[in-house]
Structure formats: structure tokens, C-alpha cells
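Chain by chain, the residues:
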Amino acid sequence: MPEEITTLLTFFGGTGDLAKRKLYPSTYNLFKKGFLQEHFAIIGASRQEMSHEEFRALVLESIADFTEDQAHAEEFASHFYYIQQDITDQASYAEMLALDNELDEKYALKGNRIFYMSVAPRFFGTIAKYLKSEGLITENGEYNRLMIEKPFGSSFKTAEALQDELSEAFDDDQIYRIDHYLGKEMVQNIAPLRFGNPMIDQAWNKDYIENIQVTLSEVLGVEERAGYYDTAGALRDMIQNHTMQIIGWLAMEKPADFSDTSVRAAKNTAFNALKIYSNDEVAENFVRGQYGESADGSQRKYLDEDDVPAGSQNNTFVAGKLQFDTDRWEGVPFYIRSGKRLAAKATRVDVVFKQGVNIFGQGGENLVNPVLSILIDPVGRIEFTLNAKNVSDSFETRPVTLDWQVSDEDKAVTPEPYERMIHDCMDGNGSNFADWNGVAVAWKFVDAVQDAWDKTPATFPNYVSGSMGPKESDELLAKDGNEWVFKG
């Protein structure tokens with residue numbers, strides 16, 4: 001049985017879709033595994049009128065697919081409490097404070113509190129302010145922590161304003177910015193692959209690596225999200241957060257140890273060395289796209305999707321090259337791409353090593369660049385393509401691929417990203433959360449790209465739905481003598 005975690009967890013937006021689909025099943029898994037036992041309580045806060053009993057019934061319904069023991073589920077739900085609240089009303093926090101203190105005494109929670117904001121970002125600062133001013137942040141507890149969902153701003157300016165609001169109430173090491181991609185099992189495999197294998201660790205630099213590629217491709221279009229997506233696009237929706245956070249694990253320096261402070265420091269060394277592009281450099285190093293119809297006409301173009309403004313310049317595809325001004329990565333391009341209506345759904349990392357010297361003469365004409373591929377979604381897998389001898393009478397080389405795939409047995413016990421993130425916050429481990437410096441650098445980088453694009457209208461659509469994006473994406477790598485490993 002693991003060591004019990006003592007905490008009071010408050011979910012703002014406690015009757016919302018995210019809470020029901022992800023947050024309550026995740027906390028129930030922590031209860032099943034023994035991380036939550038006796039000394040915990042969970043509060044749901046929302047504008048909806050609801051009793052404690054009705055709220056517990058909602059929780060039981062949300063975890064119904066995850067339990068075979070009704071009594072056990074009801075024991076878990078008995079720790080849940082509900083408060084009807086207008087989060088913009090300062091006076092409403094007095095009732096929450098009274099409930100917090102009551103539960104703290106009832107369950108011996110030691111003043112440990114986590115506040116989870118599953119609400120619209122415009123309310124983040126307001127909630128944080130009132131948590132502070134109305135005394136809900138304890139002085140006698142072991143910890144007070146704030147968990148917030150993305151998006152963290154829509155530009156560097158808005159992100160900085162939000163950060164300033166939050167920092168009035170919480171120190172940065174108390175703020176846990178969620179990017180659920182960092183909770184994915186195969187993203188978490190990057191660190192042990194890098195640092196746990198001396199052969200790879202020693203080769204993780206400009207002397208041995210030709211380039212690194214990160215692909216986040218989707219087969220779906222904008223669907224019913226045009227209201228949000230047309231203001232964000234692939235650049236803000238996928239590059240600024242998910243892609244850049246994966247890049248952090250790939251580009252980081254070797255940390256002194258695996259504590260969250262050392263990991264964040266190592267990531268920030270890389271982030272702070274990321275080259276921010278001028279307008280001309282954006283044109284040289286970034287490609288944007290917008291999907292058109294599919295070849296067979298079954299998929300309509302982005303401009304014909306519901307609620308998309310006529311003549312929208314929004315990007316549904318981005319490909320670009322990142323450069324880090326460090327000794328480790330001098331001259332090594334990091335290629336990134338993400339888009340909708342592409343040929344395949346995939347989240348993956350491809351590390352392309354330099355090709356070996358051909359000492360085999362004609363027999364070595366088929367030598368390839370070794371490639372380490374980390375497949376994150378939809379299938380967890382690691383592939384390593386190497387050079388070996390062909391099965392023939394003459395001596396010829398050929399590529400062979402060593403691979404390992406997450407087994408069904410492993411999948412059954414693998415924590416879901418939200419379960420992992422909630423546990424890590426309870427445990428005080430910030431390694432898999434974005435810190436302010438990383439968020440700020442990512443926004444400055446993305447803002448520079450968007451600023452350049454805003455000044456130069458594009459001709460859209462420029463790629464066929466069901467392809468891997470515009471031809472300029474391939475040309476971006478071809479200029480450097482490279483090509484995308486993943487063809488879709």
C-alpha cells in the first residue's frame with residue numbers, strides 16, 4: 001500500500017464535463033490504488049443548485065465504468081461535498097471557507113489544500129485573488145497549490161497579465177499549469193530513454209544527431225470548435241503548449257538530479273536559448289497551411305466549415321524549424337509540425353542520428369541514418385532503426401528496426417494523464433507541469449511567428465484534406481537536405 005496523501009481538493013467547475021469525464025475517475029483511481037485513504041476530502045463548486053447527496057450521485061455516475069465494488073465507490077463518494085457558488089462574488093467565499101475548515105477538522109487534513117480551476121481562463125485571476133483575500137489559503141498547512149487548465153493566455157501579453165494576477169496570491173512553485181500531454185506515458189519515457197542509457201545519453205548532441213522531429217497530426221477537422229479554433233489555429237492550439245512542452249524534454253540539458261527544481265532548471269536552460277525569429281526569419285523557417293477539400297470530395301474545406309468566417313486566414317497546419325543557441329545543439333534543427341485533416345492521427349518524436357561513414361564500398365550504398373522513434377499516440381511504442389547486413393550472398397547493408405510496444409497488461413495499469421497530474425500535484429512534484437519561464441518563452445516565440453503572418457496574407461487553402469500538409473512543409477526540410485521520417 002502506498003503512503004497516504006492528506007489533502008483537501010477543491011474543483012471549481014465541479015459539475016462540468018471535464019470533471020465528470022476525467023477528474024472524478026482520476027481521483028477514484030488514486031483512491032483504489034491507496035494514495036487517498038481516510039484523510040482526504042473533495043469539494044465541487046459550481047453555480048448549479050445541488051445538495052451533497054445529489055453531488056455524490058453525480059460522482060458515482062461518473063465513476064461507474066471504473067468500479068466493480070459499489071460499496072467501495074460509495075465510500076469514496078462519501079468524501080465529496082458540494083457548494084453552490086458564484087466565483088465572481090467575493091461574499092460567496094465565506095461559505096467555502098467555513099466548509100474548508102469543517103472538513104479540515106473532520107478528516108484531519110493538516111491545512112493541505114489544492115484548488116483546481118476547471119473553469120474559463122478569464123476567471124483564474126478572480127478566483128486566486130479571493131482565495132487569498134478571504135483566507136482560504138492556509139498559513140498552518142504543509143502546502144497550498146493551484147492547478148490550472150490551459151490555455152494560459154492567448155499571447156505573451158495576456159499570459160503575463162494572468163501570471164501577475166496569480167502571483168499576487170500564489171508563489172510560482174505553488175502553481176501547477178496542466179498540459180495533459182506531459183502526463184502521457186510515452187512522453188514520460190523520453191527522460192529514461194535519454195538519461196538511463198549511457199549510449200544514447202552520450203550521443204544526445206550535435207556530434208551525433210542530424211535533426212529531431214516532433215509531429216502532432218490529426219485526421220479530424222475543426223468539427224464544432226470553430227468559435228475557439230479560428231482565434232487560435234494550430235499555432236496557438238498545439239504548438240505553443242503541447243509541442244513546446246515535448247520539445248522541453250528533448251532539448252533540455254542533463255539535470256543534476258530528477259527533482260522537479262533540477263528538471264525545470266535544465267529545461268529552462270534550453271528554452272532560454274531558443275532563437276526568437278524576426279519577420280524575415282519566420283518566412284525562412286515556418287510554413288502555414290489551411291485544409292481544402294479531400295481528393296474524393298467527401299471532406300469540405302476549412303472555409304466551408306460551420307461558423308468559420310469568410311476568407312479566414314486561420315492556420316490549420318504549422319511546420320517549422322527551431323534552433324537552440326547552446327553548445328549541445330549548435331546547428332541541429334528541431335522540426336515541428338501539427339495540423340488538422342492530415343493523413344493519419346499520430347503524436348511522435350523522431351530523433352535522426354547522423355549517418356555512419358561507409359567503409360563497405362558498394363555494399364554500403366544502402367546505409368541509412370539511424371532513427372530513434374518514440375510513438376506517443378495512438379499506440380505507445382519505441383522503434384530504433386539501425387543498419388545491419390542484408391540476407392544475401394553478397395555483402396550489402398539494409399535497415400532493420402528494433403521495436404517495443406506497450407502491452408495490454410501495461411496499458412491496464414498505466415495511469416491516465418489526469419490521474420498522473422493530480423497525483424503529482426498532491427505529491428508536490430512539478431516536473432511534469434509547465435513553469436512560467438517555459439510558458440513565457442513559448443509565447444514570445446509563437447507571437448513572433450503570428451506577428452509575421454499577420455503582416456503577410458496567405459493564399460488558402462493550400463493542402464488537400466487527407467494529405468500530410470502543404471508541399472512547402474517537405475521543402476522546409478529539403479532545404480537542409482532532410483526529410484520527414486513519418487509520411488502518414
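Residues numbered from 1 in each chain as written. Predicted model: local features only at pLDDT ≥ 70, side-chain atom pairs only at ≥ 80, totals over all residues. Heavy atoms only, no water.

### A closer look at the overall build of the protein chain
Line of reasoning, step 1. A tally of helices and strands in the protein chain yields 16 helices and 16 strands.
Line of reasoning, step 2. With the C-alpha coordinates aligned to their principal axes, the bounding extent of the protein chain is approximately 80 × 55 × 45 Å.
Line of reasoning, step 3. Within the protein chain, the proportion of its 488 residues that are buried is 55%.
Line of reasoning, step 4. Within the protein chain, contacts between residues separated by at least 24 positions form 76% of all contacts whose residues are at least 6 apart in sequence.
Line of reasoning, step 5. Accessible surface computed for the protein chain: about 21500 Å², of which carbon and sulfur atoms make up 47%.
Line of reasoning, step 6. Here the protein chain contributes 47 positive and 79 negative side-chain charges, whose respective centroids are spaced 4 Å apart. (Helix = DSSP H or I, 4+ residues; strand = E, 2+ residues; numbered from the N terminus. Buried < 20%, exposed > 50% of the residue type's maximum accessible area, 1.4 Å probe, protein only. Contact = heavy atoms within 4.5 Å. Areas by Shrake-Rupley, 256 points an atom, 1.4 Å probe, with all protein chains shown as cover. Lys, Arg positive; Asp, Glu negative; His and termini not counted. Charge placed at Lys NZ, Arg CZ, Asp CG, Glu CD.)

### Points about the environment of Lys-479
Line of reasoning, step 1. In this structure, Lys-479 sits in the segment after helix H16 (471–478).
Line of reasoning, step 2. A distance of 2.8 Å separates a polar atom in the side chain of Lys-479 from the backbone oxygen of Glu-284. (Polar contact = N/O pair within 3.5 Å; in protein donor to acceptor, adjacent residues only side chain to side chain.)

### Details of the sheet that holds strand S2 (residues 40–46)
Line of reasoning, step 1. One open sheet holds the six strands; their spatial order is S3-S2-S1-S4-S5-S6, and the pairing between them is parallel. Each of the sheet's edge strands pairs with one partner strand only, and the pair in question is strand S3 (80–84) and strand S6 (175–177). The sheet shows a mean angle of 20 degrees between the axes of neighbouring strands, taken without regard to direction.
Line of reasoning, step 2. With six bridges connecting them, strand S1 (residues 7–12) and S2 associate as parallel partners. Paired with Phe-12 across the two strands is Ala-45, which belongs to S2.
Line of reasoning, step 3. Packing against the sheet, helix H14 (residues 417–427) makes contact with S1, strand S4 (113–117), strand S5 (144–148) and S6, and its axis sits at approximately 155 degrees to S5. (Pairing = 2+ DSSP bridges. Axes fitted to C-alpha atoms, helices over the stretch in contact; angles between N-to-C directions.)

### Section: the sheet that holds strand S15 (residues 397–405)
Line of reasoning, step 1. Within the open sheet, the eight strands sit side by side as S8-S10-S11-S7-S12-S13-S14-S15. Their pairing is mixed. Whereas interior strands pair on both sides, the edge strands pair on one side only; in this sheet they are strand S8 (286–289) and S15. The mean angle between the axes of side-by-side strands here comes to 15 degrees, regardless of whether they run parallel or antiparallel.
Line of reasoning, step 2. Pairing between strand S12 (residues 346–353) and strand S13 (residues 371–377): six bridges, direction antiparallel. From the neighbouring strand, Arg-348 faces S13, where its bridge partner is Leu-375.
Line of reasoning, step 3. The strands touched by helix H15 (residues 436–454) are S8 and strand S10 (317–322); relative to S8, the strand with the most contacts, the crossing angle is about 65 degrees.
Line of reasoning, step 4. Strands in contact with H16 are strand S7 (209–217), S8, S10 and strand S11 (334–339); relative to S10, the strand with the most contacts, it is inclined by about 10 degrees.

### Things to note about the pattern of salt bridges
Two side chains carrying opposite charge are able to pair once their charged atoms lie near each other.
Line of reasoning, step 1. This structure, assessed with the given rule, holds 26 salt bridges.
Line of reasoning, step 2. Measuring nitrogen to oxygen at the nearest pair gives 3.5 Å for the salt bridge that ties Arg-300 to Asp-306.
Line of reasoning, step 3. According to the relative accessible area criterion, Arg-300 is partly exposed, its value standing at 38%.
Line of reasoning, step 4. With a relative accessible area of 47%, Asp-306 lands in the partly exposed category.
Line of reasoning, step 5. With a shortest N-O distance of 3.3 Å, Arg-381 and Glu-383 are connected by a salt bridge. (Salt bridge = Lys/Arg side-chain N within 4 Å of Asp/Glu carboxyl O.)

### Brief notes about the nonpolar core
General note: in soluble globular proteins, nonpolar side chains tend to be found buried as a group.
Line of reasoning, step 1. Grouped together as the largest cluster of nonpolar side chains are 148 residues, with contacts concentrated most on Phe-12, Tyr-116, Leu-131, Leu-250, Phe-286, Leu-322 and Phe-334.
Line of reasoning, step 2. The element that contributes the greatest number of residues to this core is helix H10 (residues 226–251), accounting for twelve residues.
Line of reasoning, step 3. For this core, the domains that each give at least three residues are domain 1 (7–149) and domain 2 (182–479).
Line of reasoning, step 4. Excluding anything up to four places from it in sequence, Phe-286 contacts Tyr-277, Val-318, Ala-319, Gly-320, Lys-321, Leu-322, Ile-336, Phe-445, Val-449, Trp-453 and Leu-476. (Core = buried A, V, L, I, M, F, W, Y, C linked by side-chain atoms within 4.5 Å. Domains from an automatic or database assignment.)

### A look at unusual backbone geometry
Line of reasoning, step 1. For the bond running from Asp-377 to Pro-378, omega is 0 degrees, close enough to zero to count as cis.
Line of reasoning, step 2. Note on placement: Pro-378 falls in the loop between S13 and strand S14 (381–389).
Line of reasoning, step 3. In the segment running from Phe-460 into Pro-461, the intervening peptide bond is cis, with an omega of -5 degrees.
Line of reasoning, step 4. Secondary-structure assignment places Pro-461 in the loop between H15 and strand S16 (463–465).
Line of reasoning, step 5. A positive phi angle, near 60 degrees, is found at Lys-110, a position not held by glycine.
Line of reasoning, step 6. Backbone geometry places Arg-341, a non-glycine residue, at a positive phi of 55 degrees.
Line of reasoning, step 7. With respect to the helices and strands, Arg-341 occurs in the loop between S11 and S12.
Line of reasoning, step 8. Note on Arg-341: relative accessible area 10%, which makes it buried.

### What about the packing of helix H1 (residues 17–32) against helix H2 (residues 52–62)?
Line of reasoning, step 1. The interhelical angle for the contact between H1 and H2, taken along N-to-C directions, is 85 degrees, at an axis separation of 9 Å. Taken as axis vectors, H1 and H2 run roughly perpendicular relative to one another. Within the contact between the two elements, H1 uses Lys-20, Tyr-24 and Pro-25 and H2 uses Phe-55, Leu-58, Val-59 and Ser-62.
Line of reasoning, step 2. Among the residues forming the contact of H1 with H2, the class breakdown is five nonpolar, one polar and one charged. (Parallel < 35°, antiparallel > 145°, perpendicular 65-115°, else oblique. Nonpolar A, V, L, I, M, F, W, Y, C, P; charged D, E, K, R; others polar.)

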